There are 2 protein chains.
Amino acid sequence: MSATGNSTRAGRGAVPDIDDLAARILNGERRALARAITLVESGRADHREATTRLLDLLARENRQSLRIGLSGTPGVGKSTFIESFGMMLIGAGLKVAVLAVDPSSTRSGGSILGDKTRMEHLSREKNAFIRPSPSQTHLGGVGRRSREAVALCEAAGFDVVLIETVGVGQSETVVAEMSDLFLLLLAPAGGDELQGVKRGIMEMADIILVNKADGDLKPAATRTCADYAGALRLLRKRPQDPEGFPKALMVSAVAREGLAEAWAEMQALADWRRENGHWQRRRGEQARYWFAEDVRQALLARLETPWAQERMATLSEDVAEGRATPAAAARDMLLGLGVG
Amino acid sequence: MSATGNSTRAGRGAVPDIDDLAARILNGERRALARAITLVESGRADHREATTRLLDLLARENRQSLRIGLSGTPGVGKSTFIESFGMMLIGAGLKVAVLAVDPSSTRSGGSILGDKTRMEHLSREKNAFIRPSPSQTHLGGVGRRSREAVALCEAAGFDVVLIETVGVGQSETVVAEMSDLFLLLLAPAGGDELQGVKRGIMEMADIILVNKADGDLKPAATRTCADYAGALRLLRKRPQDPEGFPKALMVSAVAREGLAEAWAEMQALADWRRENGHWQRRRGEQARYWFAEDVRQALLARLETPWAQERMATLSEDVAEGRATPAAAARDMLLGLGVG
């Protein structure tokens, strides 16, 4: 099955016919979409050039999905939620794409997020598309590629693009920069565990979903949900929120309860933002962010060649052993790169 | 008084005679030290070249201070602590430099940290040197310049270099990367406020100092100190710590109590680390970090010219208005920079 191509193969592949690829993506062909994402993830200069042209062609159609960012720590039931929520959307006649941004894949070279085996039913649906996180050397690279994969999914006619990440470090910020709505999925907790969610992440959330609101955990979920609702009310009012948002809701991904209500809230929020100009303003700001990030990453990409990495390692050793100051070693490195 | 030169003046100044400047710094002349720090803070290419040579000359002497990082949120009594602690060290015959790393100065263009008026007695001592945070466009730039200012203070024969920062965002990490010891200064608090200190920052601390352990606040300080001592015991043991470290201590900067005991603990920890190889290992790692950071910042510096900034603004507008994709605008920018 070709839907999960990897960058190694793309790195060896010829540059595809971009006009043909664009037409097939606009026609909603999943195989073409998968091929294009592989192209986006490639580090090769000619692939980058082709990607830029492809994205430009596709942008002319100006198709827009609802981009939903979803964060939650491991164990909170993220895959089950995506499976249940995604199946509900499919049942409502919508096309759903699931992408993952996994900062841990920057180290291990692989990602468990977006693994299709975690979403058994969804992965078999013809109106669903699931893609794991690209593995890259830094989060910046993963972010840019994921953001471009979102644009490809939009062009391919997906109504909803779910972008999932785990609740660690900077990855929420990166995902929020490519989402229209940001959901935080949490598990029921003791009242004093509320502090465990970092304030910065709370402030990013549009809707907090307390999962596992079923069976024994229902009372705890009810209490946790009320606690978070209270905490959200204490946050500074944001211009992009209508009355009552951000809000906390209960769901059970396993029992498939509360999902329709959560979806109704997401739509209500998205509609309000569209009607009040916040939607386009936010997308404009995000585009600015990714433009600047693209430029920065391209400048830093000169450090990623085999020559540069080897030279950096040698000079780093000199610096650690006191044979050169950091400043002098940096000058030598930059001269070697032709910058200096 | 020339001790607080600014980068504007340096930006216009001629490149000084570096051999002479080095000799005067090694001779402990504060005016030469201030001039050199101004040179370090300059963005001019010829000044950078001169700085690199200066640092190289000074590094040959291999003088080492005790570099103490100090973090604490506003209101915790940081200036008063530095004033009292610094005066105690001066009284013990030591030379003390105080540098500031202030992330807020990256936006406002000015820093309140390191303001001499906050350290009235210390600033008048001939064996003290106080320098505010350089103002720069990004924390990376402030960090590198501060790190080089530390190296200059070491060469000038200061026994202790205090590097202060406020407890927000990434600045602690930056300061920890240039310190031998990291102190966290806290105020007495209610028992449930312990959560307010982020775990990541707790894990960086070698010694937690609970300030204001005087008068009415003494009981609260005692309880807070015990709470933090308990919290520190729960952290994972680090190889660079002898038995009993990290630890929490009480001080009163106003009443000048507990300062000698805190200093004794710092020396004990520093001695142990020197004897057990951790000191040099850490300095080596820090040098590696700053080398890599230097290279990255130099590559990104191409975006800081007036031409680049104007071009980025124009393209950013195109992107926000949907006239270009982020990828296409980035390609145009890079072509303009001659990178592409």
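Note that the structure is a prediction, hence the values are computed from the model and not measured. (Residues numbered from 1 in each chain as written. Chains lettered and ligands numbered in written order. Predicted model: local features only at pLDDT ≥ 70, side-chain atom pairs only at ≥ 80, totals over all residues. Heavy atoms only, no water.)

A. Representation of the overall build of chain A. Looking only at helices and strands, chain A has 14 helices and seven strands in total. With 340 residues in all, chain A has 53% of them scored as buried. Taking contacts inside chain A between residues at least 6 apart in sequence as the whole, the part at least 24 apart equals 78%. For chain A, the accessible surface area stands at approximately 14,800 Å², while carbon and sulfur atoms represent 50% of it. (Helix = DSSP H or I, 4+ residues; strand = E, 2+ residues; numbered from the N terminus. Buried < 20%, exposed > 50% of the residue type's maximum accessible area, 1.4 Å probe, protein only. Contact = heavy atoms within 4.5 Å. Areas by Shrake-Rupley, 256 points an atom, 1.4 Å probe, with all protein chains shown as cover.)

B. Representation of the relation of the copies chain A and chain B in the model. With an RMSD of 0.1 Å, the operation that places chain A on chain B is a rotation of 180 degrees combined with a shift of 0.0 Å along the axis. Seen this way, the second copy is the image of the first under a two-fold rotation axis. In terms of C-alpha distance to the rotation axis, chain A has Leu299(A) as its closest residue, with the C-alpha 3.1 Å off the axis. When the interface residues of chain A are mapped onto chain B, 100% of them again fall at the interface, so both copies present the same face. (Least-squares fit on C-alpha atoms with pLDDT ≥ 70 in both.)

C. Up close: helix α5 (residues 78-91) of chain A. Residue and element names in this part refer to chain A. The end-to-end C-alpha separation of α5 is 20 Å, in line with the 20 Å expected for 14 residues at 1.5 Å each. Within α5, 11 of the 14 residues are buried, which leaves it mostly tucked inside the rest of the structure. The first or second residue beyond α5 is Gly 93, which carries a positive phi of 90 degrees. (Expected span 1.5 Å × (residues − 1).)

D. Looking closely at the sheet that holds strand β5 (residues 181-186) of chain A. Residue and element names in this part refer to chain A. Taken in spatial order, the seven strands of this open sheet run β3-β2-β4-β1-β5-β6-β7, and their pairing is parallel. Two strands in the sheet have a free side with no partner beyond their single neighbour: β3 (128-131) and β7 (247-250). Strand-to-strand, the axes of this sheet are offset by a mean angle of 20 degrees, without reference to chain direction. Along the sheet face, helix α3 (residues 30-41) touches β2 (96-101) and β3 and points at about 25 degrees away from the line of β3. (Pairing = 2+ DSSP bridges. Axes fitted to C-alpha atoms, helices over the stretch in contact; angles between N-to-C directions.)

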